[in-house]
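Observations on the model geometry
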Amino acid sequence: MADSKREIERKYEATAGTRLPDLNRVPGVSAVVHRGVTELDAVYHDTEDHRLAADSLTLRRRTGGSDAGWHLKFPVASGIRDELREPLSATLPRSLAGLVRSRVRGAALLPVVRLRSARDVHHLVDDRGEPLAEVVVDEVRAVRLTAGGATATWTEIEVELADDGDPALLDAVERLLREAGIRPSAAASKLARALAETEPGSMKKAEKSEKAAREEPVPTTAGDHVLAYVRRQTEAIVALDPAVRRDLPDSVHQMRVATRRLRSALRTYRRILDRDATAPLGRELKWLAAELGVDRDQEVLDARLRGRLDELPRTLLLGPVRGRLRIRSTACRAGSRRRTVAVLDGKRYLALLEGLHALLADPPLLPAASRAPGRALPRALLKEYGRLAERVGHALDLPPGHDRDLALHEARKAAKRTRYAAEAARPALGKPAKRFAKRMKAVQSLLGDHQDSVVAREALRTLAAQAHGAGESAFTWGLLYGREEAAAAACERELPGVWERASRPGLRSALGG
């Protein structure tokens, strides 16, 4: 796994004659230590159509300085990026190649820009000599490695906060720089500036395209709204891919949710987008969600069982229950992460990403897509609601037991799909869709608690059998099984009331259908 560093910095315009102000005046700074000038040589890589740059990612191979190697930077917020580093090598390390795969897809990565910088380094330190920030003045020469080899030169100042530093220090430094007539840079990165200044015509087009992507046109038709939602969920999958590979918290769950939302939209709005064209993508999204669920479902189950054990008095914890649960969790999850990464590295997933981008580039719109959203979207939403009502009614008519558990699980999936449909329609339908989604979420959450109990009981039965076979007491596992049964029964008793509140009269008129 590549080394990771959170980079918090600000950039400023400068000229060859610019002089830094007295940074000793910055509150908290005891000294400014001049570290001399370092020569840096970086080659930036991207696809021919600059897919990484379009998402504000930078990938470079740099020599010189204390951190020579391969660097990949992801934007986090304005002035904040996560930088991942790998040691210097002739070719791009596999770990970094994987992290850009969802953006690059099948396209080749090529050297696009070479930047040579003379970096004059100053460290701001506290009274113990600990670094607070690094201030550098860069004399930069950029060479375009494609499109004729145009060049550009400029000078800029970078102020980077030390690890765990106080961002207020950056504000204090900026005040001094502004007093000296030094202003923030208009370019987000050296690469962005190099691309703009070495090929202004094409970059103006690229900048317009990027701005248009960030500021989507206001949807007017039903098709506009559905495509905007599909685009947002596709972008979420692409953006979450590197986070899943890095095993960042909640990333698998969020990617799975985006996958399900996208699949739900394609199914719900089949009168807007041709089902014949979207059905293959829907099947692949179902597959991806299932693969992501292997890790996520185990994570949820582990948390639930640990929580149940924590609720018990110590006198009721008979035998090595925590150890046995830990062994089971380790065994179940040992291969799940490797499997998830293997899925993201596979050809099937890559083909899905290509298919989604092709769909957005040439959407299979049906005649209903040109209608006003207030007419077309409620119809689809109410159809999902009708399916959910049938499944809830069927489940409530069944006696408690296995068949009801299965029926409630099917109702849960229908509630989730109905909620996602409402969320997709919210920009067009406004508050009625928002309220409707909230009601459906309440139904989904209750049915989700019930299903979690069903899954937990299956695991507890297995744990009890394993404990018994090892000569351990199975009492605690049986006790937890009983509590899960009681929890499921409570959900079933609560469901009629929750459903009644969710299906209040006037739903059709409220949605405009």
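The structure we're discussing is the one just above.
So, here is what we can say about the structure in this document. (Residues numbered from 1 in each chain as written. Predicted model: local features only at pLDDT ≥ 70, side-chain atom pairs only at ≥ 80, totals over all residues. Heavy atoms only, no water.)

When you go through the chain residue by residue, the secondary structure sums to 17 helices and 8 strands. Principal-axis analysis of the C-alpha atoms places the extent of the chain at approximately 85 × 65 × 45 Å. Of all 513 residues assigned to the chain, the portion counted as buried reaches 45%. The contacts of the chain with a sequence gap of at least 6 include a subset with a gap of at least 24, amounting to 73%. Approximately 25000 Å² of the chain is accessible, and the part contributed by carbon and sulfur atoms is 51%. With 89 positive and 71 negative side-chain charges, the chain shows a separation of 6 Å between the mean positions of the two kinds. (Helix = DSSP H or I, 4+ residues; strand = E, 2+ residues; numbered from the N terminus. Buried < 20%, exposed > 50% of the residue type's maximum accessible area, 1.4 Å probe, protein only. Contact = heavy atoms within 4.5 Å. Areas by Shrake-Rupley, 256 points an atom, 1.4 Å probe, with all protein chains shown as cover. Lys, Arg positive; Asp, Glu negative; His and termini not counted. Charge placed at Lys NZ, Arg CZ, Asp CG, Glu CD.)

Attention now goes to the pattern of salt bridges. Applying the stated criterion across every chain yields a total of 50 salt bridges. For R6, the salt bridge goes to D82, with nearest N and O atoms at 2.3 Å. Separated by 76 residues along the polypeptide, R6 in strand β1 (residues 3–14) and D82 in strand β5 (residues 80–86) bring together distant segments of the chain. Residue classification places R6 among the partly exposed residues on the basis of a relative accessible area of 44%. The class for D82 is buried, based on a relative accessible area of 9%. Between R261 and E423 there is a salt bridge; the shortest N-O distance is 3.3 Å. (Salt bridge = Lys/Arg side-chain N within 4 Å of Asp/Glu carboxyl O.)

In terms of strand pairing, strand β2 (residues 31–46) meets strand β6 (residues 110–125) through 15 bridges, oriented antiparallel. Bridge pairing links H45 to P111 in β6. Relative to strand β3 (residues 58–63), β2 runs antiparallel, the two being bridged by 4 bridges. Looking at the pairing, Y44 lines up with R60 of β3. (Pairing = 2+ DSSP bridges.)

Counted under the stated rule, the structure contains 2 aromatic pairs. Each ring, one from Y385 and one from F436, has its centre 6.0 Å from the other, and the planes form 65°; the classification is edge-to-face. One end of the pair, Y385, is in helix α13 (residues 373–397); the other, F436, is in helix α15 (residues 431–469), and 51 residues separate them in sequence. Given a relative accessible area of 16%, Y385 falls into the buried group. (Phe/Tyr/Trp six-rings, centres within 6.5 Å; stacked < 30°, edge-to-face > 60°.)

Further remarks concern the sheet that holds β3. Reading around the circumference, β1-β5-β4-β3-β2-β6-β7-β8 is the order of the 8 strands in this closed barrel, with antiparallel pairing throughout. Strand after strand, the sheet turns through a mean of 35° between neighbouring axes, direction not considered. Sitting on the sheet, helix α5 (residues 190–198) is in contact with β1, β2, β3, β6, β7 (131–144) and β8 (151–161), with an inclination near 165° to β8. (Axes fitted to C-alpha atoms, helices over the stretch in contact; angles between N-to-C directions.)

Another aspect to go through is unusual backbone geometry. Phi angles above zero are rare outside glycine, and S56 is one such case at about 65°. Within the secondary structure layout, S56 lies in the loop between α1 (51–54) and β3. For S56, a relative accessible area of 36% gives the class partly exposed. In the Ramachandran plot, D247 falls in the positive-phi region, its phi being about 60° despite a non-glycine side chain. Topologically, D247 is positioned in the loop between α7 (222–245) and α8 (251–268). Judged by relative accessible area, D247 falls into the partly exposed class, the value being 48%.

Our next topic: α8. Taking 1.5 Å of rise per residue, the 18 residues of α8 would be expected to cover 26 Å, and the 26 Å separating its terminal C-alpha atoms lies within 8% of that figure. For α8, the set of buried residues is S251, V252, M255, R256, V257, A258, T259, L262, S264, A265, L266 and T268. Turning to α8, the residues buried within the fold contact α7, α9 (275–311), α11 (336–345), α12 (347–361), α13 and α14 (402–429). (Expected span 1.5 Å × (residues − 1).)

This brings us to the nonpolar core. Membership of the largest hydrophobic core comes to 65 residues, with the highest contact counts inside it found for V230, I237, M255, L266, Y269, I272 and Y349. Ranked by residue count, the leading element in this core is α14, at 11 residues. If we skip the residues at most four places from it in the chain, M255 touches I237, L240, D241, V244, L292, L344 and Y349. Counting 19 residues, the second-largest nonpolar core is a separate cluster that includes A14, V135, L170 and I182. (Core = buried A, V, L, I, M, F, W, Y, C linked by side-chain atoms within 4.5 Å.)

Let us now look at the environment of R457. Summarising the element assignment, R457 is placed in helix α15. Taking the C-alpha atoms as reference points, R457 and S329, 128 residues apart in sequence, are found 15 Å from one another. Beyond its immediate sequence surroundings of up to four residues, R457 is in contact with D405, Y481, E484, E485 and A488.

Across 13 bridges, the pairing between β6 and β7 is antiparallel. What sits directly across from R116, in β7, is R141.

In this section: α11. Those residues of α11 that sit buried are S336, T340, V343 and L344. Buried residues of α11 fall within an arc of 95° about the axis and therefore sit on the same side. (Arc of directions from axis to C-beta.)

With that out of the way, let us pick up the side chain of H225. Assignment of secondary structure puts H225 in helix α7. Residue contacts for H225: discarding those within four places in its chain leaves P219, P373, L377, P427 and A428.

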